[in-house]
Amino acid sequence: TRIFRHAYAESPDYVPLVLRADELWQELMAATGEVVLNRCGGLELAAPGFAHASSAREAADIHNLSYEWLTPADARSRWPQIAIPDDWDVLYSDASGFLNVEPAIRGMMTLAEQAGAVVKTGTPVTTWGNSGGHIWIDTAAGRIEADAAIVTAGAWAGQALQDLGLPLHVRRKTLWWQRLRHHEQFTPENMPVFITDSGIGGIYGFPCVDGASLKIANHLEGDVVDPDTVDRTTHDGENADVLALAAQLFPDATPEVVKSAVCLYMMTPDTDFILDRHPGLPNVAIGAGFSGHGFKFAPAVGEVLANLVTDPSYQAQGRFQLSRFETAGVAG
């Protein structure tokens, strides 16, 4: 699951992109019959001195998005399973919710294949380059040649684009599923997704979809790692932050861990995406540095990247252009 939201605290500039993604997720659901987007609503919560909720409100106001600015007492009355402190800011959006990742990916791949795409799984790219205006890609299964290419290499973007010297780094992140005493109070019908901003961290989470637990994680911090050698196992004590937040807000959550996982964030210095053409190869588009908040935009990002390699007049939004980095090898 991934949180989906319109009132984007990171910047109002993201709102048009996420609104387009919303349209495309709905088209995907209509085409596949799969439930990809669950609108269970979403809470943006901030302790005194922290700006996430007010920044989300600002983005919503700029783009005339619907939301409710609630008192903590009103929020507790609506969701008694969440013990929101009296001095916290609370924004609620009924358009928010979560994406089911596996049917989303499966659906996009299926539609791509129906449109003529060939999907090659288990086929790592070893190197790629340009020859006479054409792109060649060497893989474990042989060479692929094309008129254009889109590079979306995730945690390996720095390696795939090493000629550009981009200021990227990978952070190791942990996710936790804490057992609930009364999971029925936390189903998507009864519980929204949530994002919190406090001295504990940027803790976010989801309603219960497994009949047992609360999925919760810290969006901030994380060790810088090599994606090829990263420790993929979680360890005791790594969830101290989420346990502290859960103890404060969710009396029904226990410290018992049902399961845990490690994921990777490919980070840019400003945490904004890279959606732009390669500075030396106009027939190559780059999607990278999604900094842990990219999946909700996936179909809209695909549309942008496709436009970059098919329409010479198309320009990426300034916020996402490579020119913002004063880095050797990147055209300014």
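These remarks concern the structure in this document. (Residues numbered from 1 in each chain as written. Predicted model: local features only at pLDDT ≥ 70, side-chain atom pairs only at ≥ 80, totals over all residues. Heavy atoms only, no water.)

Points about the pairing of strand β5 (residues 89–93)
Counting buried positions over the 5 residues of β5 gives 4, a clear majority of the element. Relative to β5, strand β3 (residues 42–46) is paired through 5 bridges, and the arrangement is antiparallel. Its bridge partner being in β5, E44 is matched across the sheet by L91. Note: strand β4 (residues 68–70) against β5, 3 bridges, orientation antiparallel. Looking at the pairing, W69 lines up with L91 of β5. (Buried < 20%, exposed > 50% of the residue type's maximum accessible area, 1.4 Å probe, protein only. Helix = DSSP H or I, 4+ residues; strand = E, 2+ residues; numbered from the N terminus. Pairing = 2+ DSSP bridges.)

Re the packing of aromatic side chains
Per the stated rule, a full pass over the model turns up 14 aromatic pairs. Considering the side-chain rings of Y8 and Y14, the 5.1 Å spacing of their centres and the 40° angle between planes classify their relative orientation as tilted. Pair check on accessibility: Y8 and Y14 agree, each one buried. Where F194 meets F250, the ring centres are 4.8 Å apart and the plane angle is 50°; that geometry is what we call tilted. Residue F194 is found in strand β12 (residues 193–197), and its partner F250 is found in the loop between α6 (240–249) and β16 (253–267); the two are separated by 56 residues along the sequence. Across the pair, exposure class does not vary: F194 and F250 are buried alike. Counting every residue linked through ring pairs, the aromatic cluster contains Y8, Y14, F273, F290, F297 and F320. The lysine or arginine in question, R5, covers the ring of Y8, its NZ or CZ lying 4.2 Å from the ring centre. Here the guanidinium or amino end of K215 rests over the ring plane of F206, the centre of that ring lying 4.6 Å away. (Phe/Tyr/Trp six-rings, centres within 6.5 Å; stacked < 30°, edge-to-face > 60°. Lys NZ or Arg CZ within 6 Å of the ring centre and 35° of its normal.)

Digging into unusual backbone geometry
Here the phi dihedral of N64 falls at roughly 55°; this positive angle occurs in a residue that is not glycine. Topologically, N64 is positioned in the loop between α2 (52–62) and β4. Since its relative accessible area comes to 71%, N64 is described here as exposed. Phi angles above zero are rare outside glycine, and T271 is one such case at about 65°. Mapped onto the elements, T271 comes out in the loop between β16 and β17 (274–278).

Describing the nonpolar core
Counting 32 residues, the largest nonpolar core has L17, W25, F273, L275 and F297 as its most contacted members. Of all elements in the fold, only α1 (15–32), α2 and α7 (298–310) reach the threshold of two or more residues within this core. The dominant element in this core, judged by the number of residues it contributes, is α1, at 7 residues. In contact with L17, not counting residues within four places along its chain, are F273, F297, A300, V301, V304 and F320. L45, L70, I84 and L245 belong to the second-largest nonpolar core, a separate cluster that totals 26 residues. (Core = buried A, V, L, I, M, F, W, Y, C linked by side-chain atoms within 4.5 Å. Contact = heavy atoms within 4.5 Å.)

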